[in-house]
Amino acid sequence: MALTVSELTIHHGAICAINNVSFTVPQGQLTAVIGANGAGKTTLLRALSGLNKSTHGHATWNAHNLLHSKPESIVRHGVSHVSEGKAVIPELTVNENLELGAIWRKNKRETRETKDQITSIFPRLGERLNQRTDTLSGGERQMLAIGRALMSKPQLLLLDEPSLGLAPLVVEQIFQTIRDLTTTMGLTVVLVEQNAMGALKIADNGIVLNLGKVAVTGTAQSLIADPQVRAAYLGY
Amino acid sequence: MFQFINTLLIGITAGSIYSLMAIAIVLVWRSTRVINFAQGGLALASSFVGASILAQQISFWIALPIAMIAGALFSALTEYFLLRPLLKRSGDKGEEIFLPIIATLGLLGIIKTILNFTYGDRIGSIPPPISDKGFVVGGQVIALSPMRILILGIVLFLMVLLTFLFQRTNLGLALRASSYSPEISRLAGVRVDVIRTAGWAISGAAGAAAGILQTTNGSGAISPESFEFSLLLVFGFVAAVIGGIESLIGAVLGGLTLGVILAFILMYIGGSLVFFSAFLILIVILIVRPHGIIGVKGGRRA
Amino acid sequence: MHKVKTLRFKTGIGFFLIGLCVFFLSNVVDEWRAFQGATVAVYVVAIASIILLTGYSGQISLGHGALLGIGAYAAALAQIYAHLPIWLCFVTAVLVTAIFGALLGVAAARLSGPYLAGTTLALAVGLPSIASQFSILGGEQGISFNVGWPPLSLGADFTQYKWFFWIATIAALIMMWFLQNILSSRYGRMWRAVKSNSVAAELAGIGIGSSKVLAFTISSGVAGLAGALLAMTTNNVSPSVFPLALSFSLATGAVLSGVNTLGGVMIGSLALVAIPEIASSASNLWSESENTAMILPELIVSALLILTVFLAPKGPIEKLRARHRH
Ligand SMILES: Nc1ncnc2c1ncn2[C@@H]1O[C@H](COP(=O)(O)OP(=O)(O)OP(=O)(O)O)[C@@H](O)[C@H]1O
Ligand SMILES: [Mg+2]
């Protein structure tokens with residue numbers, strides 16, 4: 001039970017966005033993926049959830065091959081992806097966005113339980129269930145995006161820059177929630193972040209991507225302590 | 001006053017049929033972001049299915065749903081075999097908008113030749129199932145007839161059905177979500193390809209109903225070369241644009257508005273200006289209120 | 001600059017040679033072929049106007065048949081009421097349709113593809129019925145448009161259809177020469193810039209709206225000429241000369257020619273004239289039924305449309321070119 005990526009290579013036309021990347025994310029752990037703009041973080045996550053096609057390599061989750069499946073079938077294997085930039089549908093209500101996350105699940109009673117669980121994690125969503133999503137604040141939308149992903153009852157959660165455009169206080173709150181989710185629900189999490197310090201603080205492990213290649217890997221502590229990583233990504 | 005009310009009644013009945021066609025156009029637009037210019041042709045083919053069932057002395061109440069199922073099937077096949085492979089190929093941007101339009105025009109031609117081949121110059125007939133003689137009120141015959149009431153009733157029933165489908169069922173949620181954001185929908189586990197086909201199928205059923213009702217409300221006869229159905233497509237398109245092309249409620253209101261305006265033009269200005277007025281109304285709306293008169297705020301545009 | 005001039009000189013010679021060929025051709029073919037030749041030339045003008053609009057300025061029209069109709073009525077009215085000489089009737093057709101096109105173009109410039117397609121379709125459906133509203137337009141019977149007999153100086157055995165053939169061919173050659181020049185001018189470059197990247201074009205200071213309106217205006221003017229020419233061959237202008245089917249045929253012709261290059265315009269024009277003829281002789285071979293003869297052309301054309309969309313979306317010419325390059 002782990003996410004294993006080996007020799008993954010992805011091209012966008014002539015650009016090689018991910019170049020021979022290998023790593024493992026152990027089950028129940030939170031792994032932060034950091035790197036500069038254009039390092040290939042989003043490309044990597046989109047490949048894992050079936051949105052991007054890979055050129056070469058393997059990626060498996062629970063012995064399920066992720067690279068040759070469609071997003072709609074990958075989510076059925078317990079992998080949920082919160083894509084970059086508040087992945088909610090503004091024209092739908094909050095409730096509908098949440099329901100959408102569980103639309104493929106057959107057991108309605110279980111779905112309702114999941115929803116109750118999510119609204120207790122994010123009480124602000126519970127209060128706004130019948131509101132149209134375009135009335136939500138940026139932070140609330142990000143919570144909703146995560147909530148929608150959780151509605152699929154995933155074991156592996158892929159998060160792409162949940163802190164994007166949020167106030168520092170809200171960012172801290174969201175990071176804390178992500179950490180709690182990992183621990184209490186036993187989720188495995190891949191957290192892609194620009195906010196390297198914040199991400200590494202809550203993460204168990206870290207991967208630094210640079211120009212599509214893995215530059216450094218290790219435990220989160222070791223990365224925070226690494227002088228090169230500090231200089232390049234943590235800014236001190 | 002009497003004439004005014006009569007005109008209004010005629011307009012509302014015709015408009016309710018345009019609403020159905022507008023819904024058909026909106027559903028296709030929301031599914032795949034194309035206008036299906038064969039929509040009128042598909043409705044005609046479905047109406048022929050209805051007419052051939054009626055020709056076997058089978059009831060209107062069986063012919064209508066069967067024609068709608070046929071319409072759904074035709075439309076779904078169109079999406080699956082024509083549009084899907086076309087939209088899958090990544091062309092450059094200029095082609096993307098042009099090719100689907102041409103492809104649906106080609107389909108229109110093929111539908112017409114198939115109809116011509118099977119029916120030749122025989123015409124299909126869809127007579128009103130109940131009386132289309134106007135009620136007599138105070139010694140005068142008004143435009144409201146049992147048949148008109150029936151048309152309004154059928155349209156209303158279909159609207160309620162569609163509203164229920166879209167607002168209360170998982171299929172409806174999937175249809176709306178895939179139209180607004182296919183990517184998020186796929187991540188949430190929606191099989192967007194299948195849902196698109198479903199959107200086209202519902203559209204085909206609505207178009208078939210519009211075709212059958214238009215025929216009973218009009219001449220009662222259809223031929224493979226019917227001009228009536230090109231008109232129906234254009235009126236449906238204008239109605240959809242009035243309603244902002246994204247919204248089902250907008251399509252309904254747009255259809256009624258157009259029906260009433262055209263009825264008044266027919267009554268007070270002249271029959272030969274009706275078709276051209278539809279064009280003028282379209283131009284005025286697109287210039288003055290490109291989001292539609294009734295366009296829902298926050299709705300997206302392509 | 002010098003290069004452009006030699007290019008123009010070369011195309012000028014090319015057109016002259018084509019004209020010469022047509023001249024000899026018109027002397028050897030029979031009446032019916034001469035009439036078909038005239039029709040081909042009319043289609044060349046009409047399809048060129050669509051290619052200019054779609055291929056170069058990126059706008060779609062499913063209603064060019066209506067624009068042809070406007071040109072035809074303008075020419076006929078100019079002849080009947082203003083008694084203008086025939087060549088001025090053609091000029092009137094161009095001007096009136098161009099003005100109408102400019103008005104329509106202002107609306108069209110704000111519309112994206114499917115909207116514009118729907119709007120022009122609405123025009124094609126709506127315009128013909130206007131003829132019944134105003135008695136000056138002659139209702140369903142229409143009004144006559146008569147270019148007259150060929151001048152005697154051409155000889156006594158110079159037939160009417162041959163005369164049509166000449167007029168239409170000369171008009172087509174002039175129009176093609178005009179369009180070639182426009183496309184290699186500043187305006188042509190402007191359209192291409194807008195079509196390939198409207199954002200960049202706007203940054204470079206090109207008015208997107210006005211460039212589109214200009215394209216629509218010119219395209220309409222050319223379509224108006226085609227309409228007057230078509231009315232010449234039928235001797236008459238009536239709604240039935242400009243049905244919705246004409247608009248669809250022209251769009252089809254443009255697709256078969258390849259909407260991106262003016263060069264293929266002959267392909268579509270020949271196809272529109274040849275397919276019905278081939279189809280009818282083919283159906284005579286297979287079956288006696290009249291029905292087959294009637295529907296076969298439409299089937300072939302529609303099938304060709306769909307095949308083109310899938311196999312050669314950029315048109316047959318660019319397809320061939322691409323193959324040569326590999
Ligand atoms: N759809 C695409 N087409 C072409 N190139 C792309 C596409 N998506 C990404 N790229 C390129 O791939 C490279 C990696 O992009 P990616 O979005 O994965 O970076 P990122 O690490 O997520 O950056 P950021 O932190 O800014 O989100 C970039 O050079 C980008 O320009
Ligand atoms: Mg990114």
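Keep in mind that this is a model prediction, so the values were computed, not measured.

Draft legend 1. Region of interest: the overall build of chain B. On a plain count of helices and strands, chain B comes out with eleven helices and four strands. Against the compact-globule benchmark of 19 Å for 302 residues, chain B has a radius of gyration of 19 Å, which places it among compact chains. Structurally, chain B occupies a C-alpha span of about 65 × 45 × 35 Å along its principal axes. The buried share of chain B, taken over its 302 residues, is 59%. Excluding contacts between residues fewer than 6 apart, the proportion of contacts in chain B whose partners are at least 24 apart in sequence is 74%. Surface accessibility of chain B: about 11900 Å² in total, with carbon and sulfur atoms responsible for 69%. Looking at charge distribution, chain B has the averaged site of its 19 positive side-chain charges lying 9 Å from that of its 11 negative ones.

Draft legend 2. Expanded view of the packing of helix α4 (residues 86-108) of chain C against helix α9 (residues 208-234) of chain C. Residue and element names in this part refer to chain C. Direction vectors running N to C along α4 and α9 enclose 140°, while the axes themselves pass 6 Å from each other. Classed by the angle they form, the pair α4 and α9 counts as oblique. Like other packed secondary-structure pairs, α4 and α9 cross with a definite hand, here right-handed. Where α4 approaches α9, its residues F90, A93, V94, T97, A98, G101, A102, L104, G105, V106 and A108 are matched on the opposing element by V213, F216, T217, S220, G221, G224, L225, A228, L229 and M232. Partitioning the contact of α4 with α9 into residue classes produces 14 nonpolar, seven polar and no charged.

Draft legend 3. Highlighting the coordination of the magnesium ion (ligand 2). Coordination of the magnesium ion (ligand 2) by the protein is provided by T42 of chain A (OG1) and E84 of chain A (OE), with metal-donor distances spanning 1.8 to 2.8 Å. Taken as a pair, T42 of chain A in helix α1 (residues 41-48) and E84 of chain A in the loop between β6 (79-82) and α3 (94-101) lie far apart in primary sequence, 42 residues in all.

Draft legend 4. The interface of chain A and chain B, seen in detail. Taken together, the contact between chain A and chain B spans 25 residues of the former and 21 residues of the latter. Summed over both sides, the interface of chain A with chain B buries roughly 2100 Å², with 58% coming from carbon and sulfur. Looking only at chain A, the three residues that lose the most surface to chain B are E72, E91 and I103 of chain A, adding up to 28% of its buried area. One can count three salt bridges joining chain A with chain B.

Draft legend 5. Quick look at the side chain of T104 of chain B. Tracing the sequence through the fold places T104 of chain B in helix α4 (residues 93-119). In this structure, T104 of chain B is in contact with I35, N36, F37, A38, L82 and L83 of chain B, ignoring residues within four places of it in sequence.

Draft legend 6. Representation of the pairing of strand β9 (residues 205-210) of chain A. Residue and element names in this part refer to chain A. Across the six residues that make up β9, a large majority, five, are buried. Pairing analysis gives five bridges linking strand β3 (residues 30-35) to β9, with the strands arranged parallel. Paired with G35 across the two strands is L209, which belongs to β9. Where β9 lies against strand β10 (residues 213-219), six bridges are found, and the strand directions are antiparallel. Note on β10: the bridge partner recorded for N210 is K213. Hairpin connection of β9 to β10: two residues between the antiparallel strands, including L211 at a positive phi of 50°.

Draft legend 7. Layout of the confidence of the model for chain B. Residue and element names in this part refer to chain B. Of all residues in chain B, 95% have pLDDT values of 70 or greater, and the mean over the chain is 88. Segment residues 297-302 is flagged for pLDDT under 50; beyond a separation of four residues in sequence, or across chains, it makes 15 contacts in the model. Taken together, the chains of this predicted complex give a pTM of 0.89 and an interface ipTM of 0.92.

Reading the values: the criteria
- Residues numbered from 1 in each chain as written.
- Chains lettered and ligands numbered in written order.
- Predicted model: local features only at pLDDT ≥ 70, side-chain atom pairs only at ≥ 80, totals over all residues.
- Heavy atoms only, no water.
- Helix = DSSP H or I, 4+ residues; strand = E, 2+ residues; numbered from the N terminus.
- Rg over C-alpha atoms; globule rule 2.2 N^0.38 Å.
- Buried < 20%, exposed > 50% of the residue type's maximum accessible area, 1.4 Å probe, protein only.
- Contact = heavy atoms within 4.5 Å.
- Areas by Shrake-Rupley, 256 points an atom, 1.4 Å probe, with all protein chains shown as cover.
- Lys, Arg positive; Asp, Glu negative; His and termini not counted.
- Charge placed at Lys NZ, Arg CZ, Asp CG, Glu CD.
- Axes fitted to C-alpha atoms, helices over the stretch in contact; angles between N-to-C directions.
- Parallel < 35°, antiparallel > 145°, perpendicular 65-115°, else oblique.
- Left-handed = near helix turned anticlockwise from the far one by under 90°.
- Nonpolar A, V, L, I, M, F, W, Y, C, P; charged D, E, K, R; others polar.
- Donors = N, O, S within 2.8 Å, 3.2 Å for Na, K, Ca; no water.
- Buried area = accessible area lost by both parts, 1.4 Å probe.
- Salt bridge = Lys/Arg side-chain N within 4 Å of Asp/Glu carboxyl O.
- Pairing = 2+ DSSP bridges.
- pLDDT = per-residue confidence, 0-100.

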